[in-house]
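Spelled out, the chains give:
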Amino acid sequence: AALERRGRSSHLVFVSPRSDQSEAQRYAGARGVLGQMTFLSSISNEQKSWLYQHCEYVLIPSRYESFGLPVFEAFMARKPICASKIEVFGEFLEDRKNAMLFDPGDAGGLAQIIQELDKDPVLREDLVKGGEKTLERFQCKEMVDKYVSLIS
């Protein structure tokens, strides 16, 4: 709805592991954007891969995550990320380096970031490159080596 008020019509795909998405649908309906959204749950890896490949940006407006696997999936898909500033993301996301960060619940801030990304292809590519660098730090061999060094 914040994007719509700023003159950018978008179609958002909301993906959640929860099969009951009635709360999210009510929220979208109350803001007049239900018709501009698709709600999906329990998608296959193939469907998820297709979504990543065909989206402009990956929006992760989480208020809580235990790790944040969608971030790394977006890095692998080479997509710019807009994510909320939550504690776990602070471990590996840097604003304007590998993601655009906004305060949880700040729809206006997220809309502003999307508009900025729309206008700046260099920033989009910089975020993708930053994501690739971050992804390198979390490859299996590096993770195992770090773990072994901790327990040695």
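Overview of the structure. (Residues numbered from 1 in each chain as written. Predicted model: local features only at pLDDT ≥ 70, side-chain atom pairs only at ≥ 80, totals over all residues. Heavy atoms only, no water.)

So, the packing of aromatic side chains
1) Next: Under the definition given, this model contains eight aromatic pairs.
2) Next: When the ring of Phe14 is compared with that of Phe39, the centres are 5.5 Å apart and the planes differ by 55°; the resulting orientation is tilted. With Phe14 in strand S1 (residues 12-16) and Phe39 in strand S2 (residues 37-41), this residue pair connects regions lying 25 residues apart in the sequence.
3) Next: Take Phe14: its relative accessible area is 32%, and that puts it in the partly exposed class. (Phe/Tyr/Trp six-rings, centres within 6.5 Å; stacked < 30°, edge-to-face > 60°. Helix = DSSP H or I, 4+ residues; strand = E, 2+ residues; numbered from the N terminus. Buried < 20%, exposed > 50% of the residue type's maximum accessible area, 1.4 Å probe, protein only.)

Quick notes on the sheet that holds strand S4 (residues 81-84)
1) Next: Strand order across the open sheet formed by three strands is S3-S4-S5, with parallel pairing between neighbours. Of all the strands in the sheet, just strand S3 (58-60) and strand S5 (100-102) have a single pairing partner and so form its edges. Put simply, the sheet's adjacent strands are angled 15° from each other on average, direction ignored. (Pairing = 2+ DSSP bridges. Axes fitted to C-alpha atoms, helices over the stretch in contact; angles between N-to-C directions.)

Points about the pairing of S4
1) Next: Residues Ile81 and Ala83 line one face of S4 and the alternating positions Cys82 and Ser84 line the opposite face, and both faces are buried.
2) Next: The sheet contact formed by S3 and S4 spans three bridges and is parallel. Counterpart to Val58 in the pairing with S4 is Ile81.
3) Next: For the crossover from S3 across helix H4 (residues 69-77) to S4, the handedness is right-handed.
4) Next: Bridge count between S4 and S5: three bridges; the pairing is parallel. Residue pairing in the sheet places Ser84 in a bridge with Phe102 of S5. (Right-handed = clockwise from strand over helix to strand, strands pointing away.)

Focus: the packing of helix H5 (residues 107-119) against helix H6 (residues 121-137)
1) Next: Remark: H5 packs on H6, axes separated minimally by 5 Å, with the N-to-C direction vectors making an angle of 105°. In terms of axis orientation, H5 runs roughly perpendicular to H6. Judged by residue contacts, Glu116, Leu117, Asp118 and Lys119 of H5 engage Pro121, Leu123, Arg124 and Leu127 from H6.
2) Next: For the contact of H5 with H6, the class distribution of residues is four nonpolar, no polar and four charged. (Parallel < 35°, antiparallel > 145°, perpendicular 65-115°, else oblique. Contact = heavy atoms within 4.5 Å. Nonpolar A, V, L, I, M, F, W, Y, C, P; charged D, E, K, R; others polar.)

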